[in-house]
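# Chain and residue survey
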Amino acid sequence: MYRSQKLSLRYYTAAVALFGVMIVFGLLSALYYLYPSLLFNVFNFNMSKILHIDTLVIWLLMGFLGAVYWYLPKELGREVEGMWLAELMFWVFCAAVVVVAAVFVFVQYGAANEFSMWFINQGRKYVEAPRWAAIGIVVVMLVFAYNVIATCIKARKMTGIMWVLVLDLIPLLAVYLDAFPAVTNMSVDLYWWWWLVHMWVESTWEVLIGCVMALVLMDVMGTSRRIVETWLYIEVMLVLGAGILGLGHHYFWIGTPQYWLSIGGFFSALEPLPLLGMVVHAIYDAGTHRMKTNNQPAFWWITAEAFGNFIGAGIWGFMMTLPQINLFSHGTQWTVSHGHFAFYGAYVCGVIAVLYVAKQQVSGADVLGGRAWKWGFGLLNFGMVGMVMGLLLAGMAQAFYGRAMGGSTLMAFTTASENPWFVSGMYARMLFGVVFAAGYVVLVYDLLTSPRRVPALQAQPEPA
Amino acid sequence: MTASALIETAALLGLFVLAGGGYGSLYSVGRLWARPALIRAGSVCWIAAFALALTIALRTPLDIGWKLLILASALVYAVIPPLIWRYLERLHHEQEIRR
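Residues numbered from 1 in each chain as written. Chains lettered and ligands numbered in written order. Predicted model: local features only at pLDDT ≥ 70, side-chain atom pairs only at ≥ 80, totals over all residues. Heavy atoms only, no water.

### Concerning the interface of chain B and chain A
Quick note on the threshold: Contacts: residue pairs with any heavy atoms within 4.5 Å of one another. Two parts placed together each lose some accessible area under a 1.4 Å probe, and adding up what both lose gives the buried area. Each reported salt bridge corresponds to a side-chain nitrogen of Lys or Arg within 4 Å of a carboxyl oxygen of Asp or Glu. Whenever two N or O atoms come within 3.5 Å, that pair is a polar contact, provided that in protein one can donate a hydrogen and the other can accept it, and provided that, for residues adjacent in sequence, both atoms are side-chain atoms. Put simply, DSSP marks the helices as runs of H or I at least four residues long and the strands as runs of E at least two long, and each gets a number from the N terminus on. Gly is placed with the polar residues, together with every amino acid not listed as nonpolar (Ala, Val, Leu, Ile, Met, Phe, Trp, Tyr, Cys and Pro) or charged (Asp, Glu, Lys and Arg).
Residue-level contacts link 41 residues of chain B with 41 residues of chain A. Carbon and sulfur atoms make up 79% of the surface buried where chain B meets chain A, a total of about 3,700 Å² over both sides. Where chain B packs against chain A, one counts one salt bridge. In this structure, Arg226(A) and Glu94(B) form a salt bridge, with 3.1 Å as the shortest nitrogen-oxygen distance. Across the chain B-chain A interface, the total number found is three residue pairs in polar contact (both at pLDDT 80 or more). Listing elements by their share of the side of chain B that touches chain A, those giving two or more residues are helix 1 (3–32) and helix 3 (64–98) of chain B. Of the residues assigned to the side of chain B that touches chain A, the class counts are 25 nonpolar, eleven polar and five charged.

In structure tokens:
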């Protein structure tokens, strides 16, 4: 095993641990909707929500970094350049996450001054980490970029996947610089803040997970390099064509020019088309291999990714992306429903697939199967579907009663929050959140236990 | 847009994409297992998607531009699965020959 793959395992461990923290704070956040005075003035809803979302971002990022460190030496046939720096950065990253989490839990907030911005909370949604930590993330990502680029140069080898990955690192780093607030005008600030959130989630991360999935597909299903690279190029084209300008679908209620709403609606409306293509491709690939693979869990999580992405981003997104609907649904639990499903489909399933790839190699098992992973797969998917259905119900009630009927007043918001449809949706979310948490426990159990020895399948994957 | 129209339109939009996805899935599984009945079921899904697009165009308060976009999408949905399937077959065939 390469040294960078050992580092990758550390990243996976940290990612899975933070996945658990994310679930804990997700459940706690869900509880506040049922018991609004819960932990009042001790640990308020806003802090729980911050920890839920920030750990989501960090665990997925750690999963991506782990996946790249895992595959980089395999792809280029040599150890990753600058490993000592990469290892140091891993510990810096972990220490920073622990310190920031401790500050969020115990200090929570400070006065509106420079000190708070630097050491407590930057005050920007999803990137609340204080400025010193945000600078730390930039350093970690710079080292990561150095590792990737320097290894390519030393190896004197560039594959199509590596080109896409290297080029993706530029916007990945550049848009994160948006995390540093520099303007005091709220509209201007939010305008640029969405560049960070949208360009990471719906552009650069999409390309990054595309690269990772391309490597996983070659590894697990033996799909040929030419096929995965062709699809990766198509994905990049679609991201550039539809993803970037879909940015406009966020520009509601923040004072941006109205033309953005039409631009955003138009390009977002195109997004289900490539996702439909992905579904066809997933079925074709699954059929070509007759569902036979030596790594069943990874195979099923890859398949879940294609379908989850289509349903979460495609169906759930299209339901609310056109401006006349988005005007009402924006910022309700409806959006939360879409966000949960799309993130889960596009990223979570992919990262879990990578975890199983690593498990197979680490355990030395020829075949990865058993029953525990099926329970984890079932509970996580069932829990997620239940949660998003509950959130959809609650969000539609908010849009209907609070926005369209009530005119978005404070009183209408309160009335909608007490509506039985909203309340039942929130109870359903809580219940299925517990199911999801149970799925996480089974997933961790399965990842940590040694697989039973089973002879390998006759049909081996095609060589890449 | 009224409150009822909001929910109806959103539901129709979601169902439209769901039907498109049903078409793509059934068409692909039908081709994979060589089951014409599944391919026909896929076609029924596409007809449903087109009917939903027409309903959106005729009954919802969306602006005309969005209605046209949805009708055009319904037509594009019709060609995506066969087009991609053919492309994948060709790609895999070329790969086989190369090996």
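### Comments concerning the confidence of the model for chain B
Residue and element names in this part refer to chain B. What counts here: Note on scores: pLDDT gives the predictor's confidence for each residue, bounded by 0 and 100.
With 99% of its residues at a pLDDT of 70 or more, chain B shows a mean pLDDT of 93. The least confident element of chain B, judged by mean pLDDT, is helix 3 at 90; the most confident is helix 2 (residues 36–59) at 96. Both confidence scores are given for the complex: pTM 0.93, ipTM 0.93.

### Some points on unusual backbone geometry
Residues and elements named next belong to chain A. The following threshold applies: Each residue's exposure class comes from its accessible area (1.4 Å probe, protein chains only) as a fraction of the maximum for that residue type: buried when under 20%, exposed when over 50%, partly exposed otherwise.
Positioned with a positive phi, Gln108 is a non-glycine residue whose angle comes to about 70°. As for its placement among the helices and strands, Gln108 is situated in the loop between helix 3 (83–107) and helix 4 (114–119). What makes Gln108 buried here is its relative accessible area of 10%. Backbone geometry places Ser408, a non-glycine residue, at a positive phi of 60°. Mapping Ser408 onto the fold places it in the loop between helix 14 (372–405) and helix 15 (410–418). Judged by its relative accessible area of 45%, Ser408 falls in the partly exposed class.

### Details of the confidence of the model for chain A
Overall, the predicted model of chain A reaches an average pLDDT of 91, with 97% of residues at or above 70. Between the elements of chain A, mean pLDDT differs from a low of 82, seen in helix 8 (residues 225–243) of chain A, to a high of 97, seen in helix 16 (residues 420–448) of chain A.

### With respect to the environment of Trp46(B)
Residues and elements named next belong to chain B. Tracing the chain through its elements places Trp46 in helix 2. Not counting the four nearest positions on each side in its chain, Trp46 is found in contact with Tyr23, Ala74, Leu75, Tyr77 and Ala78. There is a polar contact of 2.8 Å between the side chain of Trp46 and the backbone oxygen of Ala74.

### A look at the environment of Ser48(A)
All names here are of chain A. Looking at where Ser48 falls in the secondary structure, it is placed in helix 2 (residues 45–76). Spatially, the C-alpha atoms of Ser48 and Leu443 are 24 Å apart, while their sequence positions differ by 395 residues. Residues contacting Ser48, with those up to four places away along its chain left out, are Phe25, Leu28, Ser29, Tyr32 and Phe43.

### Observations regarding the packing of aromatic side chains
Residue and element names in this part refer to chain A. Put simply, the rule reads: Each pair of aromatic rings taken from Phe, Tyr and Trp, with Trp reduced to its six-membered ring, is defined by centres within 6.5 Å and is described as stacked if the planes are under 30 degrees apart, edge-to-face if over 60, and tilted in the remaining cases.
Scanning the model with the defined rule gives 45 aromatic pairs over all chains in all. Aromatic side chains Trp301 and Tyr344 sit 6.4 Å apart centroid to centroid with 75° between the ring planes, which places their arrangement in the edge-to-face category. A residue pair is termed long-range when its members are at least 10 positions apart, and Trp301 in helix 11 (residues 296–321) and Tyr344 in helix 13 (residues 333–363) qualify at 43 residues. Taken individually, Trp301 and Tyr344 each receive the classification buried, so the pair is uniform in this respect.

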